[in-house]
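Chain residues, written in single-letter form:
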Amino acid sequence: MQPRRQPPPAPRSGPGNPRPTAPLLALLLLLAPVVAPAGSRGAEDPAQPQDAGVPRRLLQQAARAALHFFNFRAGSPSALRVLAEVQEGRAWINPKEGCKVDVVFSTERYKPESLLQEGEGRLGKCSARVVFKNQKPRPAINVTCTRLIEKKKRQQEDYLLYKQMKQLKNPLEIVSIPDNHGHIDPYLRPIWDLAFLGSSYVMWEMTTQVSHYYLAQLTSVRQWKTNDDTIDFDYTVLLHELSTQEIIPCHIHLVWYPGKPLKVKYHCQELQTPEEASGTEEGSAVPTELSNF
Amino acid sequence: MQGTPAGGTSPGPSPMDRQTLLVFSLILAAALGQMNFTGDQVLRVLAKDEKQLSLLRDLEGLKPQKVDFWRGPARPSLPVDMRVPFSELKYIKAYLESHGLAYSIMIKDIQVLLDEEREAMAKSRRLERSTSSFSYSSYHTLEEIYSWIDNFVTEHSNIVSKIQIGNSFENRSILVLKFSTGGSRHPAIWIDTGIHSREWITHATGIWTANKIVSDYGKDRVLTDILKAMDIFIELVTNPDGFAFTHSMNRLWRKNKSIRPGIFCIGVDLNRNWKSGFGGNGSNSNPCSETYHGPSPQSEPEVAAIVNFITAHGNFKALISIHSYSQMLMYPYGRSLEPVSNQRELYDLAKDAVEALYKVHGIEYFFGSISTTLYVASGITVDWAYDSGIKYAFSFELRDTGRYGFLLPATQIIPTAQETWMALRTIMEHTLNHPY
């Protein structure tokens, strides 16, 4: 159950769209925030033109990309955030190149346990500028968020998580997290949080104007012994891409120490085509190994 | 490759929660030939300083062994959990008290917990002989659901009957529950759940809803009025092959399990296989894709069965197709941005339904047409229904918005079903009051 929220603004299309006079001029869409009755989030007023729903979707895409990037950059598995709602924004669309989006949105803490507690709905607020380039990954992001958790508390929780990870017995006898019934063993929770943090990097890079991802399940985990006390582990995640409904397995390798920047390497499997799936050759997954080592 | 455990030597697995420790104990009991843990307790001790910590470590070294650490002595601020056999309780508690070590009893009797856990596991796995002990707050296998259907129909035969409308690709029965107070060919309402097999919350919601209907009939005036004039049909497992596969091999399987010669990838997206804008945008001709529409409209037996049934019946007035996740309530079209002719009416009805849903547990839903709210999708159920003359065609996306996604914890089944019911009831009531 989700905490109660303020009634969200319902986006409406602006007063008019100036037609571009030059090929490189962008369309400017202004969206004014409007308060809608609680519980109802009309996608659009049917009296308005149908494409009024599109800017809302684009703002959401931008907010998601910005939040993945923010989570990755913060490098803190106990301070992860999820999108609460988009509050306002503007977009400049250039059909040939991509689009630039300014967006303001609210966030809440990722920790699902807080869902069951009333009054835990402390919202953070973020503003971001996101630039999507057509057919290119890694949207450029500039994002700032108000602080949700006091720095010292965050450091303590990160350190506790770190300790819990270090105490895990290897090899980890894990089939999947969550299990098929959605349950995450509290003992395994730190693994999940760290995996979510690492996946944020992957999901940031892969989010575009149209595709967005959720972390569906962790299917394998392996922790490595290190010489320098860092947490070093390999895991396989299943990402769910909503617009195509595809499940994408990604292999992720991450190195983490509380307070230090996260280091991530990954490789996601590409969709099979009927030819590749004939059995005579492996799927031609082009490795997208990017890292910030 | 071993992760180096921090802290002191902890012989027991740590940290653990009840679930894990109990399973561990079961395995242990089996391995040691049915050990008995009656009267054994788990104590949690908080050591104030290193001195107290070393006193606890001393306990570890006692021979014969008097305690079994589940969370060993590591640092003064971290709790220490230890299992104490019944025979040693007196000694250990005296030891702790005499040294000023504060402790609390985490588990009063391990064997009791073990027995309860074993009982719960066995219970949910047994095929029940009646629906009164069927757990509505758990997820079930196909066999359990089909068994429940038979019991359910037997217990409520005055208004419920079971109809087989066809067979799946792998030859499983496709079943529909009919709720009727009599009459011949009353105007009808169709509800389907589980067309995408990984959306487990939908089957669970459907089952709860079926039970809700029989429970509230005669008590809820609105529902009783609906059933006096109309029939309700619920297809709980619209994709039985896919559903079985989510239990056996791949929890995130979406499509059916149809196989065609020369095509290596399996399955068609049943919600792209309908005869309405078939093959258009938002569906895929690649058989390996999750939104593969299939070779032709209605090529899949699971879809053909529904088309044949609804067409032959000829008097359906509403169709509601239930999916997860995203928390949305939508109406046609999915295949294009073109608004349907009664768009205003559907918008207002969706708004009312979503508000009724919100009132139950405060969960917010987006609403609007499919193409503008979710995405463009062609060959979908509700587009076909609308084009076939069913004016009130709706598609739900249930909880949540991505935190758990398809793997929604079972604890959310009943709250989800309760709120969804209020939305369904709103739509059905409107359908009743607006005959056409």
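This structure is a prediction, so every number in the text was calculated from the model and none was measured.

## A word on the overall build of chain B
Assigned secondary structure in chain B consists of 13 helices and twelve strands. Of all 436 residues assigned to chain B, the portion counted as buried reaches 60%. Considering only intrachain contacts with a sequence separation of at least 6, the fraction spanning at least 24 residues in chain B is 73%. Counting every atom, chain B has about 16,800 Å² of accessible surface; 54% of that belongs to carbon and sulfur.

## Points about a nonpolar patch on the surface
All names here are of chain B. Side chains of Phe169, Ile259 and Ile266 sit close together on the surface and give an oily, nonpolar patch of about 250 Å² of accessible area. In this fold, Phe169 is placed in the loop between strand S5 (160-167) and strand S6 (173-179). Taking relative accessible area as the criterion, Phe169 reaches 37% and is therefore assigned partly exposed.

## Here we look at the UniProt feature "active site" (unreviewed entry) in chain B
Residues and elements named next belong to chain B. The sites that UniProt annotates as "active site" (unreviewed entry) are Glu397. Looking at the secondary structure, you find Glu397 in strand S12 (residues 392-398). For Glu397, the side chain forms a polar contact with the main-chain nitrogen of Ser324, separated by 3.5 Å.

## A closer look at the confidence of the model for chain B
Summing up the model confidence of chain B, the mean pLDDT is 89 and the portion of residues at 70 or higher is 88%. Within the model, the stretch residues 1-13 of chain B combines pLDDT values under 50 with 28 contacts to residues more than four positions away or in other chains.

## Thoughts on the packing of aromatic side chains
This model, assessed by the stated rule, comprises 30 aromatic pairs over all chains. Between A:Tyr110 and A:Phe196 the ring centres are 4.3 Å apart and the planes differ by 20°, which places this aromatic pair in the stacked class. You can see A:Tyr110 sitting in the loop between strand S4 (98-109) and strand S5 (124-133) and its partner A:Phe196 sitting in helix H3 (residues 189-206), a full 86 residues away along the chain. Like A:Phe196, A:Tyr110 is buried. Here the aromatic rings of B:Tyr347 and B:Phe367 are separated by 5.2 Å at their centres, their planes lie at 55°, and the arrangement is tilted. Taken together, the positions of B:Tyr347 in helix H10 (residues 343-361) and B:Phe367 in strand S11 (residues 365-369) put the pair 20 residues apart, joining distant regions of the chain. Feature note: the residues A:Phe69, A:Phe72, A:Tyr201, A:Trp204 and A:Tyr266 constitute an aromatic cluster, connected by ring pairs. Here the basic side chain of B:Lys317 rests over the ring of B:Tyr436, its NZ or CZ set 4.6 Å away from the ring centre. When the ring centre of B:Tyr436 is taken as origin, the NZ or CZ atom of B:Lys391, which lies over that ring, is 5.0 Å away.

## Notes on the state of the cysteines
If you walk through the whole model with that rule in mind, you get three disulfides over all chains. Two residues share a disulfide in this structure: A:Cys250 and A:Cys268, whose sulfurs sit 2.0 Å from each other. Torsion about the S-S bond of the A:Cys250 and A:Cys268 cystine: about 105°, corresponding to right-handed handedness. Of the two residues, A:Cys250 sits in strand S9 (residues 247-256) while A:Cys268 sits in strand S10 (residues 263-268), which places them 18 residues apart along the sequence. For the pair A:Cys250 and A:Cys268, a shared accessibility class is recorded, and that class is buried. Between B:Cys265 and B:Cys288 runs a disulfide, and the two sulfur atoms are separated by 2.1 Å. Residues B:Cys265 and B:Cys288 share a disulfide whose torsion about the S-S bond is about 85°; that sign makes it right-handed. Of this pair, B:Cys265 sits in the loop between helix H8 (240-248) and helix H9 (301-313) while B:Cys288 sits in the loop between H8 and H9, placing them 23 residues apart in sequence. Across the pair, B:Cys288 and B:Cys265 agree in class, each one buried. Once the disulfide-bonded cysteines of chain A are ranked by sequence position, their pairing pattern turns out to be 1-2, 3-4.

## Notes on the pattern of salt bridges
Counting across every chain of the model gives 25 salt bridges over all chains. Across the pair A:Glu108 and B:Arg403 runs a salt bridge whose closest N-O atoms are separated by 3.8 Å. You can see A:Glu108 sitting in strand S4 and its partner B:Arg403 sitting in the loop between S12 and helix H13 (413-433), one on each of two chains. A relative accessible area of 5% means that A:Glu108 is categorised as buried. What makes B:Arg403 buried here is its relative accessible area of 12%.

## Remarks on the packing of helix H5 (residues 142-155) of chain B against H8(B)
All names here are of chain B. Remark: H5 packs on H8, axes separated minimally by 9 Å, with the N-to-C direction vectors making an angle of 130°. One element, H5, and the other, H8, form an angle in the oblique class. On H8, the residues that touch Leu142, Ile145 and Tyr146 of H5 are Pro240, Phe243 and Ala244. Grouping the amino acids of the contact of H5 with H8 by side-chain chemistry returns six nonpolar, no polar and no charged.

What counts, and where the lines are drawn
- In this convention, every chain numbers its residues from 1, walking through the sequence in written order.
- Each chain is given a letter, starting from A, and each ligand a number, starting from 1, according to the order in which they appear as written.
- The model is predicted, so local features are restricted to residues of pLDDT at least 70 and side-chain atom pairs to those at 80 or more, both for listing and for counting; the totals for chains, interfaces and linings are taken over all residues.
- The basis for the side-chain values is all heavy atoms of the structure; hydrogens and waters are excluded.
- Elements are defined by DSSP. Helices are runs of H or I of four residues or more, strands are runs of E of two residues or more, and each kind is numbered from the N terminus.
- We call a residue buried when its accessible area falls under 20% of the maximum for its residue type, exposed when it is over 50%, and partly exposed in between, using a 1.4 Å probe and counting protein chains only.
- Between two residues, a contact is recorded if the distance between any of their heavy atoms is within 4.5 Å.
- Method for areas: the Shrake-Rupley scheme with a 1.4 Å probe, in which residue coverage is limited to the protein chains shown.
- In this scheme, patches are assembled from residues that exceed 30% relative accessible area and form no salt bridge. Like charges are connected within 9 Å, while nonpolar side chains (Val, Leu, Ile, Met, Phe, Trp, Tyr) are connected within 5 Å.
- Here a salt bridge means any side-chain nitrogen of Lys or Arg lying within 4 Å of a carboxyl oxygen belonging to Asp or Glu.
- UniProt positions are given in the numbering used here, feature names are shortened, and annotations may be inferred rather than shown by experiment.
- We call two N or O atoms a polar contact when they sit within 3.5 Å, provided that within protein one can donate a hydrogen and the other can accept it, with sequence-adjacent residues counted only if both atoms are side-chain atoms.
- Each residue carries a pLDDT value, the predictor's own confidence for that position, ranging from 0 to 100.
- Ring pairs are drawn from Phe, Tyr and Trp, using the six-membered ring of Trp, whenever the two centres fall within 6.5 Å, and their geometry is named by plane angle: stacked under 30 degrees, edge-to-face over 60, tilted for the rest.
- By definition, being over a ring means that NZ of Lys or CZ of Arg is both within 6 Å of the ring centre and within 35 degrees of the ring normal.
- By definition, disulfides here are pairs of cysteine sulfur atoms that lie within 2.5 Å.
- Only the contacting stretch of a helix is used when fitting its axis, a line to C-alpha atoms as for every element, and angles between N-to-C directions run 0 to 180 degrees.
- Any angle that is under 35 degrees is reported as roughly parallel, and any over 145 degrees as roughly antiparallel; angles of 65 to 115 degrees are reported as roughly perpendicular and all others as oblique.
- Classes in brief: Ala, Val, Leu, Ile, Met, Phe, Trp, Tyr, Cys and Pro nonpolar; Asp, Glu, Lys and Arg charged; the others, Gly included, polar.

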